[in-house]
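So you can see what is in the structure, the chains are spelled out below.
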Amino acid sequence: MMRAADEVSSGPPAYLEALGGLLVKPEHGSMTDAVTDALREAILSGILAPPAWLREDELAQALSVSRTPVREALRRLSDEGLTQRVVNRGTVVTPMTLDEILAVYAVRESLEGLAARTAAIRRPAGLVESLQEVHREMVEGAVDAKRMAELNLEFHRLIREAAGNPYLTRFLTQVEHAVRRFGQTTYASPGRSEDALAEHFGILEAIAAGDADLAESRAAEHMRHSREVRVKQMLAR
């Protein structure tokens with residue numbers, strides 16, 4: 001891991017230049033919330049990737065804010081597990097271990113299954129059509145792994161929102177944040193795009209038919225397959 005002293009000697013990291021575009025300064029409300037959102041997105045999108053050291057003065061300058069909201073934002077991100085405070089050294093972006101990734105998938109399998117079950121029962125107006133549209137875009141963009149990953153998150157986001165359970169939405173949002181930190185998408189693996197499209201279509205069919213049991217089982221199976229691909233990716237590195 002890079003030492004804090006090493007980074008000081010080399011000057012501010014180049015990635016800080018990208019931070020300014022992420023901050024949406026609020027007309028009303030908390031600047032701390034805005035800074036937290038910007039730094040969280042920078043970590044989830046890989047702009048601030050492990051093992052980047054996060055220095056209050058550099059971040060404040062990059063975001064054109066005072067150090068106070070930056071300090072509070074780093075504390076919040078630490079509570080979320082995105083950063084870690086190292087005594088006498090500063091704050092570093094937290095890497096994810098294989099054990100943590102497996103833990104995420106264990107939780108995600110159950111939660112995505114519940115979301116699909118509930119969505120199939122509720123089937124709010126427009127849900128099936130929205131899922132069909134995302135699926136169509138995925139089919140058309142199957143050669144672009146990055147775009148596939150973005151649409152995949154949107155597909156699952158639609159389902160969890162359709163479930164209408166604020167607690168489920170909160171937990172799955174945290175899971176989505178963890179998934180975005182994994183790095184390389186599973187869609188970069190040969191054959192995964194085709195398999196995932198078939199799995200998504202199966203989930204979509206079950207929800208459209210109002211078959212809660214089938215929707216749940218297919219969503220859980222989809223997560224198991226994703227986990228298997230992810231583990232193979234990590235072991236191959």
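Residues numbered from 1 in each chain as written. Predicted model: local features only at pLDDT ≥ 70, side-chain atom pairs only at ≥ 80, totals over all residues. Heavy atoms only, no water.

Enquirer: So what's going on with unusual backbone geometry? Which residues, and what values?
Expert: Cis peptide bonds are those with omega within 30 degrees of zero, and the linkage from Pro 50 to Pro 51 qualifies with 5°. Note that Pro 51 resides in the loop between α2 (31-44) and β1 (53-54). One non-glycine residue with positive phi stands out, namely Ser 64, at about 60°. Here Ser 64 falls in the exposed class, since its relative accessible area comes to 54%. Positive phi, close to 65°, is recorded for Asn 88, a residue that is not glycine. (Helix = DSSP H or I, 4+ residues; strand = E, 2+ residues; numbered from the N terminus. Buried < 20%, exposed > 50% of the residue type's maximum accessible area, 1.4 Å probe, protein only.)

Enquirer: Report on the sheet that holds strand β2 (residues 83-86), specifying residues and quantitative values.
Expert: An order of β1-β3-β2 is seen for the 3 strands of this open sheet, with the pairing classed as antiparallel. Of all strands in the sheet, those bounded by a partner on one side alone are β1 and β2. Two strands pair when backbone bridges link them, and β2 and strand β3 (residues 90-93) are joined in this way by 4 bridges, in the antiparallel orientation. Its bridge partner lying in β3, Arg 85 is registered against Thr 91. (Pairing = 2+ DSSP bridges.)

Everything listed here is a matter of coordinates, which is why it stays silent on function.
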